[in-house]
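These are the residues of each chain, in order.
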Amino acid sequence: MGKKNKMDKKLYESELARLQIELVKLQEWVKHEGLKVVVVFEGRDAAGKGGVIKRITEKLNPRICRVTALPAPTEKEKTQWYFQRYVAHLPSAGEIVLFDRSWYNRAGVEKVMGFCSEEQYQEFLRSCPEFERMLVRSGIILLKYWFSVSDEEQEKRFLERVNTPIKRWKFSLWI
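Per chain, the residues get numbers from 1 upward, laid out in the order the sequence is written. Owing to the predicted nature of the model, reporting of local features is limited to residues with pLDDT of at least 70; listing and counting of side-chain atom pairs is limited to 80 or more, with chain, interface and lining totals taken over all residues. Here the side-chain values reflect all heavy atoms present in the structure, with hydrogen atoms and water set aside.

Caption draft 1: Structural context of helix α6 (residues 118-137). The terminal C-alpha atoms of α6 lie 29 Å apart, and with 20 residues this matches the ideal 28 Å at 1.5 Å per residue to within 8%. Two axes are fitted around each residue, one to the seven residues ending there and one to the seven starting there, and the angle between them is reported as the bend at that residue. The helix and strand labels rest on DSSP assignments: H or I over at least four residues marks a helix, E over at least two residues marks a strand, and numbering proceeds from the N terminus. At Ser127, α6 is deflected by roughly 35°, the largest bend along its length, and proline Pro129 occurs up to four residues later in sequence. For every residue, the accessible area obtained with a 1.4 Å probe (protein chains only) is divided by the maximum for its type, and the residue is called buried under 20%, exposed over 50%, and partly exposed between those limits. Along α6, the positions that sit buried rather than exposed are Tyr121, Phe124, Ser127, Cys128, Phe131, Glu132 and Leu135. Should any heavy atoms of two residues lie within 4.5 Å, those residues are counted as being in contact. Buried positions along α6 lie against α4 (84-87), α5 (106-113) and β4 (140-147). To estimate the expected span of a helix, subtract one from its residue number and multiply by 1.5 Å.

Caption draft 2: Geometry of the packing of aromatic side chains. In summary, the pairing rule links any two rings of Phe, Tyr or Trp, Trp by its six-membered ring, whose centres are within 6.5 Å, and it sorts them by plane angle into stacked for under 30 degrees, edge-to-face for over 60 and tilted for everything else. If you walk through the whole model with that rule in mind, you get 15 aromatic pairs. Centre to centre, the rings of Phe41 and Tyr145 are 5.9 Å apart; their planes meet at 20°, and the pair counts as stacked. With Phe41 in strand β1 (residues 36-43) and Tyr145 in strand β4, this residue pair connects regions lying 104 residues apart in the sequence. Under the relative-accessibility criterion, Phe41 is labelled buried at 2%. Each residue in the set Trp81, Tyr82, Phe83, Tyr86, Phe99, Trp103, Tyr104, Phe124 and Phe131 is aromatic and connected to the rest through ring pairs, giving one cluster. Sitting over the face of the ring of Tyr86, Arg85 holds its NZ or CZ atom 5.6 Å from the ring centroid. Both a distance and an angle decide whether a charge sits over a ring: NZ of Lys or CZ of Arg must be within 6 Å of the ring centre and within 35 degrees of the ring normal. One residue, Lys111, lies across the ring of Tyr121, its end atom 4.8 Å from the ring centre.

Caption draft 3: The arrangement of the layout of surface pockets in detail. Considered as a void within the structure, the second largest pocket measures approximately 260 Å³ in volume. In the cavity and pocket records, a cavity denotes points on a 1 Å grid over the protein atoms alone where a 1.4 Å probe fits but cannot get out, a pocket denotes an open set with protein on both sides within 12 Å along at least 5 of 7 lines, and lining residues are residues with an atom within 4 Å of a point. For the second largest pocket, the lining is made up of 16 residues, of which Leu23, Leu26, Val39, Leu143 and Tyr145 are closest to its centre. Among the elements of the structure, α1 (9-33), β1, α2 (49-57), β3 (95-100) and β4 are those that each provide at least two residues to the lining of the second largest pocket. Residue polarity follows a fixed list, in which Ala, Val, Leu, Ile, Met, Phe, Trp, Tyr, Cys and Pro are nonpolar, Asp, Glu, Lys and Arg are charged, and the others, Gly among them, are polar. Partitioned by chemical class, the residues of the lining of the second largest pocket number 16 nonpolar, no polar and no charged. Grid points are joined across faces, edges and corners, and a volume is the space filled by probe spheres set on the points.

Rendered as structure tokens:
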């Protein structure tokens, strides 16, 4: 979003406060009704997933709404059923779980970076719709969001991370 398209700061803060009140109401509804909610945030690096998650959770009760951002799988996890490490983080009744990246890593990062075989990738494509149907049939409300930015904006944000010490932690190196 260019400077000329930038939202007025007072309007932004007012709208953010209004929406955060709605999120608190949602949280109370989820708790009262015993619902199980999973929200998946996927997308390009530096597209704003983390900032959105931060704004969503800012005013919510961490006992009801938690963020799951799994690190690279351990050697043991690499030997397990692919979805197993995610199942352990699913919500119980009255909880919301926000996945900062998810099982879609297999089709995105892992495939592109060569961290999974072609057979593992193809199995993911077959299994993922079935896995998600099982989640929904079990009563989980599943919401998925994809974030994107232009190549130019992504490069600008990467450079900010390199040149701004308080943003460097966002950089992860693939080894």
